[in-house]
Amino acid sequence: MNLLNLPAAVALSLLAFPATACTFFKVTVAGHTMVGNNEDAWSIDPRIWFENGKEGEYGAVYLGQNNSTPQGGMNEAGLLFDGLRSPAKSFARDTGKPPIHFDDLARRVLRSCANVHEAAALIRTFDFSQLNGAYLIFVDRSGEYLVVEADTLFTGHDATYAITNFCVSTCADFDSVPSERYQRGRAMLATGGDTSLTFCTSVVKGMHACRKKLGEGTLYSNIFDPQRGLLHLYFYHEYGTLRTFDLKDELAKGDHSLDMIALFPPNAEFAKLVAYRTPFHSLTLRVFLLFAALVAVLFGAY
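Since we're looking at a predicted model, the values are computed, not measured.

Novice: Can you lay out the sheet that holds strand E1 (residues 23–29) for me, pointing to particular residues and giving the numbers?
Specialist: Read across the open sheet, the six strands follow the order E10-E1-E2-E11-E12-E13; overall the sheet is antiparallel. The sheet is open, and its two edges are formed by strand E10 (160–163) and strand E13 (238–246), each paired on a single side. The average undirected angle you get between the axes of adjacent strands in this sheet is 15°. Here E1 pairs with strand E2 (residues 32–40) via seven bridges, running antiparallel. Opposite Val27, over in E2, you have Met34 as the bridge partner. Along the sheet, helix H4 (residues 180–190) makes contact with E1, E2, E10 and strand E11 (218–225), crossing E10 at roughly 175°. The sheet contacts of helix H5 (residues 197–207) involve E1, E2, E10, E11, strand E12 (230–235) and E13, and relative to E1 the element is tilted by about 155°.

Novice: Run through the packing of H4 against H5, naming residues and quoting values.
Specialist: A pair of packed helices can be characterised by two numbers: the angle between their axes and the separation between those axes. Across the interface, H4 lies against H5 with an axial gap of 8 Å and an inter-helix angle of 160°. The orientation of H4 with respect to H5, classified from their angle, is roughly antiparallel. For the pair H4 and H5, the crossing hand works out as right-handed. Where H4 approaches H5, its residues Arg181, Tyr182, Arg184, Gly185, Met188 and Leu189 are matched on the opposing element by Phe199, Ser202, Val203, Gly206 and Met207. Across the contact of H4 with H5, the residue classes break down as six nonpolar, three polar and two charged.

Novice: Describe the nonpolar core, with residues and values.
Specialist: Of all hydrophobic cores here, the largest spans 50 residues; its most connected members are Phe25, Val61, Ile137, Ile163, Phe224 and Leu233. In terms of residues, this core owes the most to one element, H5, which gives five residues. The residues touching Ile137, leaving out its near neighbours within four places in the chain, are Phe24, Leu80, Phe81, Asp82, Leu84, Tyr145, Leu146, Val147, Tyr161 and Ile163.

Novice: Outline empty space enclosed by the protein, supporting the account with residue identities and numerical values.
Specialist: Within this structure, the stated rule accounts for one cavity of 30 Å³ or more. Empty space within the largest cavity amounts to approximately 40 Å³. Lining the largest cavity, in full, are Ser86, Pro87, Lys89, Leu131, Asn132, Gly133, Ala134, Glu149, Ala150 and Cys167. A per-class count over the lining of the largest cavity returns five nonpolar, three polar and two charged.

Novice: Please set out the pattern of salt bridges residue by residue, giving values where relevant.
Specialist: Summed over all chains, the structure comprises eleven salt bridges. Residues Lys89 and Asp151 are paired through a salt bridge, measuring 2.8 Å at the closest nitrogen-oxygen approach. You can see Lys89 sitting in the loop between strand E6 (80–85) and helix H2 (102–112) and its partner Asp151 sitting in the loop between strand E8 (145–148) and strand E9 (153–156), a full 62 residues away along the chain. A salt bridge links Arg186 to Asp175; the shortest N-O distance between them is 2.8 Å.

Novice: Which residues make up the side chain of His232, and what values go with them?
Specialist: Within the secondary structure, His232 sits in strand E12. A residue is classified by how much of its surface remains accessible, and His232, at 7% relative accessible area, is buried. Separated by 2.8 Å, the side chains of His232 and Thr244 make a polar contact. Setting aside anything within four residues of it in sequence, one finds His232 in contact with Leu197, Ser221, Asn222, Ile223, Leu242, Arg243 and Thr244.

Novice: Which residues make up the sheet that holds E6, and what values go with them?
Specialist: Pairing within the open sheet is antiparallel, and its eight strands lie in the order E9-E8-E7-E6-E5-E4-E3-E14. The open sheet terminates on both sides in strands that have one partner only, identified here as E9 and strand E14 (256–259). Between one strand and the next, the sheet's axes are offset by a mean angle of 20°, whatever the strand orientation. Two elements, strand E3 (residues 47–51) and E14, share four bridges in a ladder whose sense is antiparallel. Paired with Arg47 across the bridge in E14 is Asp259.

Novice: Help me get a handle on the packing of H2 against helix H3 (residues 116–123), residues and values and all.
Specialist: Contact geometry for H2 and H3: axes closest at 10 Å, N-to-C directions at 135°. By the criterion of interaxial angle, the relationship of H2 to H3 is oblique. The chirality of how H2 crosses H3 is right-handed. From H2, Leu105, Arg108, Val109 and Ser112 reach across to H3, where they touch Glu118, Ala119, Leu122 and Ile123.

Rules behind the numbers
- Residues numbered from 1 in each chain as written.
- Predicted model: local features only at pLDDT ≥ 70, side-chain atom pairs only at ≥ 80, totals over all residues.
- Heavy atoms only, no water.
- Pairing = 2+ DSSP bridges.
- Helix = DSSP H or I, 4+ residues; strand = E, 2+ residues; numbered from the N terminus.
- Axes fitted to C-alpha atoms, helices over the stretch in contact; angles between N-to-C directions.
- Contact = heavy atoms within 4.5 Å.
- Parallel < 35°, antiparallel > 145°, perpendicular 65-115°, else oblique.
- Left-handed = near helix turned anticlockwise from the far one by under 90°.
- Nonpolar A, V, L, I, M, F, W, Y, C, P; charged D, E, K, R; others polar.
- Core = buried A, V, L, I, M, F, W, Y, C linked by side-chain atoms within 4.5 Å.
- Buried < 20%, exposed > 50% of the residue type's maximum accessible area, 1.4 Å probe, protein only.
- 1 Å grid on protein atoms, 1.4 Å probe; cavity = no way out; pocket = protein on both sides within 12 Å on 5 of 7 lines; lining within 4 Å.
- Points joined across faces, edges and corners; volume = space filled by probe spheres on them.
- Salt bridge = Lys/Arg side-chain N within 4 Å of Asp/Glu carboxyl O.
- Polar contact = N/O pair within 3.5 Å; in protein donor to acceptor, adjacent residues only side chain to side chain.

Structure, rendered in structure tokens:
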């Protein structure tokens, strides 16, 4: 796609919001829950960071890029979340409640809530319409989940559950979702999978993205074990190297942040992505395109 041939407003919006297409699943068997996610993003600075809670709050681990906006995370109580893109929709805002942004909402929930019911009660006190174009999913230790869209939220307790970038509340037939890797993951979960790390790794691997041009797609895959407080992490769809973090041990070290790239061996496909300049990677290119868009607006107005 050539941004320079797009209307200025559209180009500006694309520069501000990189396209992503993540996949997410949970599986609960005999009271044990595991949650997996593929984070698909054009990013060369992914990070993992740990934040202790203040008095009466939970500490948590977060994953995302270097702008400190969490794309996923889990707290000490075993409540976890992930954020996914979805089509925007029209609805009436609840202007009688204070508005709240995606990252602030996710952090507030993880700091103060132990399960999805507490999370739902907290979220309902806000106008969360700024989620439009995205949604949040929370899962707790029991395996219950909470989906939060810009105008609605609902809970569920299916033993297995998988989602990707569609509007969950209005989807009448999950079999019709046009995503091959999403349907592949659902089929794997439907075969009677378990909560072993081996099985969950096979699911994230089956649902990951790796495109032909650069081998780009899934930036990292994470698997949460909320009962044990563990985070299992794979980088750039290379499933031969695993890094595991114990949340309790990491929080004991104090607040800290880790460069995800440095945690893993060199990755040839990721090196190609780093060398391929895009507005999402290069500040110079981004500034140039923003300047070009501004000139286009001024010229159009003239």
